[in-house]
Every structure is written in C-alpha cells, then in structure tokens.
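What follows is each chain in one-letter form.
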Amino acid sequence: MADSYNAAVALATGDDISIGSTTTRVNDFVNRGAEFDDLYLFPSLLEACCLVIGRPFKLSSLHARTLRPHQPAQELHVDVRRDSPDWPLLGFILMIDDFRPDNGATRFVPGSHRWPGTPKDTMSDLRAEHAAEVLACGTAGSLLVFNGSAWHGHTANTSSGPRRSLQGFFVPRDGRAATDFAARMQPETRARLGPHAGYVLNL
Ligand SMILES: O=C(O)CCC(=O)C(=O)O
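Given the structure is predicted, the values throughout are model-derived calculations rather than measurements.

### Things to note about the packing of aromatic side chains
The way to describe two aromatic rings as a pair is by their centre distance and the angle between their planes.
Right, on to step 1. With the rule as written, the count across this model stands at 6 aromatic pairs.
Right, on to step 2. Residues Tyr-5 and Phe-29 carry aromatic rings whose centres are separated by 6.2 Å and whose planes lie at 35 degrees to one another, so their mutual orientation is tilted. A residue pair is termed long-range when its members are at least 10 positions apart, and Tyr-5 in helix α1 (residues 2-11) and Phe-29 in the loop between β2 (23-26) and α2 (37-40) qualify at 24 residues.
Right, on to step 3. When the ring of Phe-29 is compared with that of Phe-36, the centres are 4.9 Å apart and the planes differ by 75 degrees; the resulting orientation is edge-to-face. With respect to burial, Phe-29 and Phe-36 carry one shared label: buried.
Right, on to step 4. The aromatic ring of Tyr-199 is capped on one face by Arg-173, whose charged end is 3.6 Å from the ring centroid.

### Structural notes on the sheet that holds strand β4 (residues 90-95)
Right, on to step 1. An order of β1-β2-β3-β9-β4-β7 is seen for the 6 strands of this open sheet, with the pairing classed as antiparallel. In this open sheet, the two edge strands, each paired with only one partner strand, are β1 (17-19) and β7 (143-147). Along the sheet, successive strands turn relative to each other by an average axial angle of 20 degrees, direction set aside.
Right, on to step 2. Where β4 meets β7, 5 bridges bridge the pair, whose relative direction is antiparallel. Bridged to Phe-92 within β7 is Val-145.
Right, on to step 3. Most of the contacts of α1 go to strand β9 (residues 163-172), to which it runs at about 80 degrees, and overall it touches β2, β3 (57-67) and β9.
Right, on to step 4. Packed onto the sheet, helix α3 (residues 43-52) meets β3, β4, β7 and β9 and runs at close to 155 degrees relative to β4.

Rules used in this analysis
Residues numbered from 1 in each chain as written. Predicted model: local features only at pLDDT ≥ 70, side-chain atom pairs only at ≥ 80, totals over all residues. Heavy atoms only, no water. Phe/Tyr/Trp six-rings, centres within 6.5 Å; stacked < 30°, edge-to-face > 60°. Helix = DSSP H or I, 4+ residues; strand = E, 2+ residues; numbered from the N terminus. Buried < 20%, exposed > 50% of the residue type's maximum accessible area, 1.4 Å probe, protein only. Lys NZ or Arg CZ within 6 Å of the ring centre and 35° of its normal. Pairing = 2+ DSSP bridges. Axes fitted to C-alpha atoms, helices over the stretch in contact; angles between N-to-C directions. Contact = heavy atoms within 4.5 Å.

Written out as structure tokens, the structure reads:
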C-alpha cells in the first residue's frame, strides 16, 4: 500500500493536489488504482456507518494526506457541527505509516461528539493540549474510524519522516458529497467496480 500510495501521489496533477500549511493532500483515491477499492468497501467500516449515520449513506471523499516532517499540531476541530444538515458524518483514516507520538498521530477528545459546542466555541488556543485528549497511535495498516463531530486533529510531526495516510468520509445519502464520484468516474474504474461499489459511490 505504501508503494501504491507513493506512485499514485506522484502521478497526481493540477487541482487534485493541495498543499496546506502542514499537510499535502491528493484527491480522489477511488480513481487511482484497484489497490484502494477494498478500503472504502471494508465491511467493518460500512457497519460503523450503519451505526453512526443510521440511515442510507454514501462515500463523500477519499484522499491521501501526508503530514510533512517538522510540522506543528493542527487546530482541534470537528468535521461537522451537530446542527449541520450534513450531520452525522463518519470519518476514517488508514495509517500508511505507523502513527506515533512523535510523528503527528491524530488526537481525539473521547465523547466530545456528544457535546453541543466545538473547540472554537470554548478554547482560546486550538493547538494547545486538551486535558482529555488521547492519541490514536497504531501500526501501519491500522484503520481509525470516528464520528466526525468528535474533536480531533493531527499532532505535531517532530520526526524527520512524513506521516502518510488515506482519509475519507461517509455522509448521509441525501447530504452533500465533497467529491462527485459519478462525474469523475474513469472508464477503467467503472469496469472493475460491481453494483455494491456503485451504490456506496452513489453512481
Ligand atoms: O491527519 C490527521 O491526523 C487528521 C486530519 C484532520 O482532522 C482533518 O484534516 O480534518
């Protein structure tokens, strides 16, 4: 997967690449190789969607995110507010590298998806450590699954290596998807996908 990730990232062009202050993101890993298909069709992940979203859902995005070496922590945030029409959202992160305390493992505040407010509402320094946060560390190949209203963010990468990951979201089927997979569908992707994938991608 690490080799496939590097190859796919190297081939990406134009608007599909976005270079943020701490991470580099490459959009649409539905159309970047069959190696990535099993991720968004992983039965345990879809079961988690049933539990968290609780009604018909679809994949909203699937992208690579590389946290570059020597970068500070991300602000603590939620991916969707509880009062948003797009709520609830199920997030997932596949670790391409080990997630460790020194290379920017994602931090989460357990139970915060049930809180009415967001970090912005209550914290003066969003990069500061939260008293209740836990680090989601794991070995490469581990999958993080989380409620998108949970307070979270990557921590600082003080190591000299990148922290690579594949990340995505599922949203309610009647909600807005970040990526229009039907519009972006490549003929070779379409040819290998069955009806189950077609449903998950809302083709
Ligand atoms: O990369 C991570 O550890 C978290 C990324 C994240 O929370 C985000 O981009 O919204």
